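Inside the fold
Okay, here's what each chain looks like letter by letter:
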Amino acid sequence: MTAELSVPAPAKLNLYLHVTGKRTDGYHELDSLVAFAGVHDTLRLAPADALSLVIEGPHGEGLATDSENLVMQAAERLGEAAGIKTGAQMVLQKNLPVASGIGGGSADCAAALTGLARLWNVDTGDVYLARLGLQLGADVPVCLFGRTAFMSGIGEQITGAPTLPPVWLVLVNPGAGLATRAVFEARRAAQGDEWSEPGRFDEQPANAAGLADLLRSRRNDLTQAAIALQPVIGDVLHALQNTDGVLLARMSGSGATCFGMFSDSDNAELAAAELAGNNPQWWVRRASLLDDTATLVG
C-alpha cells in the first residue's frame, strides 16, 4: 500500500456552456469547453483500517463528513468495486466555495477516486473510474480527465480540446449558493425547450485575446436563469466587465462564481485587488488558467 499522499482538486471552469437538449429521463444534454484554474482544494490521504473524513479550511464549515459527502461516496464506491478490505484517513482542505459552479465537490470526488486508486494500488483499468465518477456527478468525469476538454452528453463524453494560450483569471463568488437543479428549472420556466447548437472549435487560439474572441460568440446558457435566482451574479459580471484589461467576463457552470479573463498577471492582480477592496464580502482570487502540462502541488 502506498504511503501518505496529497492530491490537489483544482477549480473547474466552463469557458462556455450550451444546453443542447433534454433526454427522456429528464437529464439535460450539454456542450461545454472545460478548463481548470490554479486554485484548488487539497485532499490528503493516509492508510488506515477504516474510512474517515475530516474537513478543514475556510469553506469546510457545516459540510457532512459521512456518506452524504461525495468524497466518502467515492471512497465507498471505489472500495466496493475494487474489493478493498482496508480503509483510509482522508483530510480535505476546503478552499473553494461550496455550490459555486466551479466543480468543487466534483473535483474533490475525482481527487478521492484517483488518490485512493494510488493509495490502494488499484488497477483502474478494472474498475473504470470515469464510470464510477459519472454515477456520483455529471462533472466528475471531466475532473478525472483533468485537462482542457470539450464535455458533452450529460457529462460522460469527454474529448480533448485544442491547447489554450496562457490566460490569467480573476474568479469571484459573491457568497450566494445555487442549486444546479433550481437553475435548470428557472431556465426551463423562462425559455421552455429552447436549445443551443454545440460550440466546439478546432482552431488553436494564438493568445488570450484570440481565445476571448472565440468565446464571445459562445455563451453560458444558464446565466440569465442564475441571475433571476441570485441578482447579485449580475452585479459580479458588471463589476468584472468594468475592470481594466478584462477581455471577457462570464459565469461558470450554474453559478454563482464568475470569472474575468486577462492577458497578463499584472492586470489580473490589479482587478482582483480592486474587486476585493470594493466588495470585501466577495470571494476573489487571481489564478492562471492551467495548461495541459501544469502540475499543482497538493
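Residues numbered from 1 in each chain as written. Predicted model: local features only at pLDDT ≥ 70, side-chain atom pairs only at ≥ 80, totals over all residues. Heavy atoms only, no water.

1. Some points on the packing of aromatic side chains
- This model, assessed by the stated rule, comprises one aromatic pair.
- A centroid spacing of 5.6 Å and a plane angle of 85° characterise the contact between F150 and F201, whose relative ring orientation is edge-to-face. Of this pair, F150 sits in strand β5 (residues 149-153) while F201 is found in the loop between α6 (180-191) and α7 (208-216), placing the two residues 51 residues apart along the sequence.
- Take F201: its relative accessible area is 4%, and that puts it in the buried class.
- Positioned above the aromatic ring of Y128, the side-chain terminus of R131 is 4.8 Å from the ring centre.
- One residue, R147, lies across the ring of F145, its end atom 4.1 Å from the ring centre. (Phe/Tyr/Trp six-rings, centres within 6.5 Å; stacked < 30°, edge-to-face > 60°. Helix = DSSP H or I, 4+ residues; strand = E, 2+ residues; numbered from the N terminus. Buried < 20%, exposed > 50% of the residue type's maximum accessible area, 1.4 Å probe, protein only. Lys NZ or Arg CZ within 6 Å of the ring centre and 35° of its normal.)

2. With respect to the pattern of salt bridges
- One pass over the structure, following the stated rule, counts nine salt bridges.
- Its salt-bridge partner being D41, residue K94 comes within 2.7 Å of it at the nearest N-O pair. With K94 in the loop between β4 (87-93) and α2 (104-119) and D41 in strand β2 (residues 28-48), the pair connects residues that are 53 residues apart, well separated along the chain. D41 shares its class with K94; the two are buried.
- Among the salt bridges present, the one from D213 reaches R216, with a minimum N-O distance of 2.5 Å. Note that D213 and R216 are positioned in helix α7 at a spacing of three residues, about one turn of the helix.
- Using a relative accessible area of 45% as the deciding quantity, one classes R216 as partly exposed.
- Among the charged side chains, a network of salt bridges with common partners joins D41, K94 and D108. (Salt bridge = Lys/Arg side-chain N within 4 Å of Asp/Glu carboxyl O.)

3. Some words on the packing of helix α1 (residues 70-82) against helix α4 (residues 129-136)
- Running from N to C, α1 and α4 cross one another at 140°; their axes reach a closest spacing of 10 Å. With respect to α4, the element α1 is oriented oblique. Note on packing geometry: the crossing formed by α1 with α4 is right-handed. Touching L70, Q73, A74, R77, L78 and A81 of α1 are L129, L132, Q135 and L136, all from α4.
- Residues belonging to the contact of α1 with α4 are distributed by class as follows: seven nonpolar, two polar and one charged. (Axes fitted to C-alpha atoms, helices over the stretch in contact; angles between N-to-C directions. Parallel < 35°, antiparallel > 145°, perpendicular 65-115°, else oblique. Left-handed = near helix turned anticlockwise from the far one by under 90°. Contact = heavy atoms within 4.5 Å. Nonpolar A, V, L, I, M, F, W, Y, C, P; charged D, E, K, R; others polar.)

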